[in-house]
Amino acid sequence: MSAGTFSPEVREALQRLILSLADTKRMLGIRYSDWLLGAPSIESGIATASMSQDEWGHARLLYAMLKDFGVDPVEIEHSRPPGAYCSAACLDEPFADWAAVVAGIVVVDGTLSLALEGFASGAYDAARRRIPKMLAEEAFHRDFGHAWIRRISAGTDEGRERLAAAVEPMLADAITCLLPDDEEAGLLAGAGLTAPARAARTRLARRLAEPLSGLGTAPATDPPLPADWISSRRRPAGEPAGDAVERARGDRNRALFVE
Amino acid sequence: MVGAPGGATRPAGGGGVGRARRGGGGRVLWGAPGGGRPADPAAAVWRALGEVLDPELPVSVADLGLVYGVRVDGDRVHVRLTFTATACPCMDFIEEDVRDRLLAEPWIAGVEIEQVWDPPWTSARITPAGRRALRGAGVSA
C-alpha cells in the first residue's frame with residue numbers, strides 16, 4: 001500500500017516513524033565515523049567507516065520515502081535545525097569510548113534493525129521494497145558487534161563494567177525511541193504497518209539475551225516513556241550536538257552540492 | 001520491461017566484457033554508437049549497457065547484474081538500475097555513465113533511470129561472463 005491509502009492520522013504517524021528511523025540512522029553513521037581513528041585496532045576503526053557508509057545509505061533511502069508524503073527529502077536532509085531531529089537521544093553526543101561504540105552497534109543498531117524488520121513486514125510498499133537490502137547489509141554490523149561483545153566479555157572486569165555501563169542507558173533510550181509503546185505506536189500496529197511494541201520488545205529481549213549474557217547484567221527491556229517525551233519527535237527533549245548536525249547537513253559543502 | 005538479468009530477451013555475453021578484460025578503464029572503451037534505430041532497440045540498449053563499466057571493477061554494470069530491466073518507448077529509454085550497496089560511492093558516476101552511453105546512440109533522445117532495491121542485489125546476480133571478467137582481475141565472485 002502507498003502512503004495515500006492510509007487515513008490522515010495514520011499517514012502522519014507513518015511519516016514520523018520514517019523520520020525517526022532515518023534520523024537515527026544518520027546520527028548513528030556520524031557516531032560511527034567519529035571512531036574511524038582511535039579504535040583499539042586499526043582494522044576495527046576501518047570497520048566503523050564501512051558501517052558509517054551503510055548507515056548513511058540507509059538514511060538516504062528512508063528519507064527518500066518521504067516523497068510519498070509530499071515532503072522534499074533534500075530539504076529534510078540538508079536544512080533542518082538540530083531541534084527538529086528525531087534521532088535517538090543516546091546519539092546526541094559522540095560515543096565516549098570503544099565500549100560505547102560496541103554498545104551502540106549491538107544495542108542501537110540492533111534495535112533499529114528489529115524495528116526495520118517489523119516495518120518491512122508491514123503493509124507499506126516502499127518499506128517492503130527497500131528495507132530488505134538494508135537488513136542484508138546490517139548482518140555484518142551484527143556479527144562485528146557480537147564478536148566485540150564476546151571479546152570484551154572474556155576480558156577484564158574493567159572492560160565488562162565499562163560495556164555494561166554503556167549498554168544500560170543506551171538500551172533504555174533505543175527501546176524508548178525506536179520501539180515506543182505509546183498511542184501512536186498502537187495506531188501504526190493497528191494499521192498493519194509495524195509489529196506491536198510489546199511483541200517487538202519481547203523479540204529484542206530474546207535477541208539480546210545471549211550477546212549480553214557475559215556482562216553479568218540483565219538490562220531492562222521495557223522502559224517507560226520518559227516525562228519529557230515529545231511524541232511529535234518520537235524522542236525525549238534535547239537535540240543532537242550542533243557539530244554533528246552541521247556534518248549531517250553538509251553545511252560547509254553547499255557550494256559543492258550535487259544532488 | 002524487457003529482460004531481467006539472465007532473461008531470455010537479453011543479449012548473451014553482456015557485450016563489453018571482452019573489452020573490459022583487455023583494457024580496464026571506462027569511457028575510452030565504449031564502442032562507436034550505432035546509426036539509425038536498430039531492429040531490436042531493447043537488445044541494442046543492453047549491448048550499450050554492456051560497455052558501461054563499474055568504476056571500481058573491470059566488469060560492466062550489465063554483467064554485474066545491476067540492470068533490472070530496460071524499456072524502450074519510441075526514442076526514450078527507461079532503465080531500472082540497482083547498486084551493490086545502498087551507499088555505493090559510485091552511484092552518481094554509474095548513472096552518469098549509463099545516461100551518457102545511451103544518449104550517444106543517435107536514436108535515443110531521453111534516458112530515465114529508476115533506482116530499485118527489490119530484490120536486493122547479491123553476488124548471485126553476476127553473470128558467468130561477469131565472473132570470468134572479475135576472476136581475470138583477481139577478484140573472486
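Refer to the preceding data block for the structure.
### A word on the interface of chain A and chain B
For step 1, the next point in the chain: In this assembly, 12 residues from chain A lie in contact with 13 residues from chain B.
For step 2, the next point in the chain: For the pairing of chain A and chain B, the buried interface totals around 960 Å² over both sides, and the portion due to carbon and sulfur atoms is 58%.
For step 3, the next point in the chain: Taken together, the links from chain A to chain B amount to zero salt bridges.
For step 4, the next point in the chain: At the junction of chain A with chain B, the criterion picks out six residue pairs in polar contact (both at pLDDT 80 or more).
For step 5, the next point in the chain: Taken together, the elements giving at least two residues each to the side of chain A that touches chain B come down to helix H2 (42–65) and helix H5 (125–153) of chain A.

### Concerning a nonpolar patch on the surface
Residues and elements named next belong to chain A.
For step 1, the next point in the chain: Together, Leu36, Leu37, Ile42 and Ile46 give the surface a local cluster of nonpolar side chains, amounting to about 440 Å² of exposed area.
For step 2, the next point in the chain: Counting through the fold element by element, Leu36 comes out in the loop between helix H1 (8–33) and H2.
For step 3, the next point in the chain: Exposure remark for Leu36: the relative accessible area of 33% places this residue in the partly exposed category.

### Quick notes on the side chain of Arg101 of chain B
For step 1, the next point in the chain: Positionally, Arg101 of chain B belongs in helix H3 (residues 91–103).
For step 2, the next point in the chain: Arg101 of chain B has contacts with Trp30, Gly31, Ala32, Ala48, Glu51 and Val52 of chain B, leaving out every residue within four places of it along the chain.

### So, the nonpolar core
Generally speaking, soluble globular proteins have nonpolar side chains that are buried together.
For step 1, the next point in the chain: Within the largest apolar cluster, 115 residues are counted, with the highest numbers of intra-cluster contacts made by Leu14, Phe119 and Tyr124 of chain A together with Leu102 of chain B.
For step 2, the next point in the chain: With 16 residues, helix H4 (residues 98–120) of chain A is the largest single contributor of residues to this core.

### Some thoughts on the pairing of strand E1 (residues 67–73) of chain B
Residue and element names in this part refer to chain B.
For step 1, the next point in the chain: In this sheet, strand E2 (residues 76–81) lies alongside E1 in antiparallel orientation, the contact comprising six bridges. From the neighbouring strand, Val72 faces E2, where its bridge partner is Val77.
For step 2, the next point in the chain: Between E1 and the antiparallel strand that follows it, E2, lie two residues; Gly74 among them carries a positive phi value of about 65°.

### Description of the pairing of strand E3 (residues 110–115) of chain B
Residue and element names in this part refer to chain B.
For step 1, the next point in the chain: Looking at chain direction, E2 and E3 are connected through six bridges and run parallel. Across the sheet, the residue bridging to Val77 is Val111, located in E3.
For step 2, the next point in the chain: Each parallel crossover has a hand, and the one from E2 via H3 to E3 is right-handed.

### Section: the sheet that holds E3 of chain B
All names here are of chain B.
For step 1, the next point in the chain: As summarised here, the arrangement of the three strands in space is E1-E2-E3, forming an open sheet in which the pairing is mixed. Of all strands in the sheet, those with a lone pairing partner are E1 and E3, marking the two edges. On average, each strand axis in the sheet is tilted by 15° relative to the strand beside it, whichever way the strands run.
For step 2, the next point in the chain: In the packing of H3 onto the sheet, contacts are made with E2 and E3, and the angle to E3 comes to roughly 150°.

### Considering helix H7 (residues 183–190) of chain A
Given 3.6 residues per helical turn, the α-helix brings residues three or four places apart onto the same face.
All names here are of chain A.
For step 1, the next point in the chain: Taken as a whole, H7 has its buried residues at Glu184, Ala185 and Leu188. With its buried residues spanning 100° around the axis, H7 presents them on a single face. Exposed residues on H7 whose side chains face more than 90 degrees from its buried face are Glu183 and Gly190.
For step 2, the next point in the chain: If you follow the buried residues of H7, they end up packed against H1.
For step 3, the next point in the chain: Residue Gly192 follows H7 closely and has a positive phi angle near 80°.

### Regarding unusual backbone geometry
For step 1, the next point in the chain: Going from Asp118 of chain B to Pro119 of chain B, the amide bond is cis rather than trans, its omega being 0°.
For step 2, the next point in the chain: Within the secondary structure, Pro119 of chain B is located in the loop between E3 and helix H4 (128–136).

### As for the pattern of salt bridges
All names here are of chain A.
For step 1, the next point in the chain: Summed over the entire model, instances satisfying the criterion amount to 24 salt bridges over all chains.
For step 2, the next point in the chain: Asp92 serves as the salt-bridge partner of Arg235, at 2.8 Å between the closest nitrogen and oxygen. Here Arg235, found in strand E2 (residues 235–236), pairs with Asp92, found in the loop between helix H3 (73–79) and H4; they are 143 residues apart in sequence, far enough to count as distant.
For step 3, the next point in the chain: A relative accessible area of 10% means that Asp92 is categorised as buried.
For step 4, the next point in the chain: Close ionic contact of Arg201 with Asp222 constitutes a salt bridge, the shortest N to O distance being 2.6 Å. Of the two residues, Arg201 sits in helix H8 (residues 197–212) while Asp222 sits in the loop between H8 and strand E1 (229–230), which places them 21 residues apart along the sequence.
For step 5, the next point in the chain: Take Arg201: its relative accessible area is 5%, and that puts it in the buried class.

Analysis parameters
- Residues numbered from 1 in each chain as written.
- Chains lettered and ligands numbered in written order.
- Predicted model: local features only at pLDDT ≥ 70, side-chain atom pairs only at ≥ 80, totals over all residues.
- Heavy atoms only, no water.
- Contact = heavy atoms within 4.5 Å.
- Buried area = accessible area lost by both parts, 1.4 Å probe.
- Salt bridge = Lys/Arg side-chain N within 4 Å of Asp/Glu carboxyl O.
- Polar contact = N/O pair within 3.5 Å; in protein donor to acceptor, adjacent residues only side chain to side chain.
- Helix = DSSP H or I, 4+ residues; strand = E, 2+ residues; numbered from the N terminus.
- Patch = residues over 30% accessible without salt bridge, like charges linked within 9 Å, V, L, I, M, F, W, Y side chains within 5 Å.
- Areas by Shrake-Rupley, 256 points an atom, 1.4 Å probe, with all protein chains shown as cover.
- Buried < 20%, exposed > 50% of the residue type's maximum accessible area, 1.4 Å probe, protein only.
- Core = buried A, V, L, I, M, F, W, Y, C linked by side-chain atoms within 4.5 Å.
- Pairing = 2+ DSSP bridges.
- Right-handed = clockwise from strand over helix to strand, strands pointing away.
- Axes fitted to C-alpha atoms, helices over the stretch in contact; angles between N-to-C directions.
- Arc of directions from axis to C-beta.

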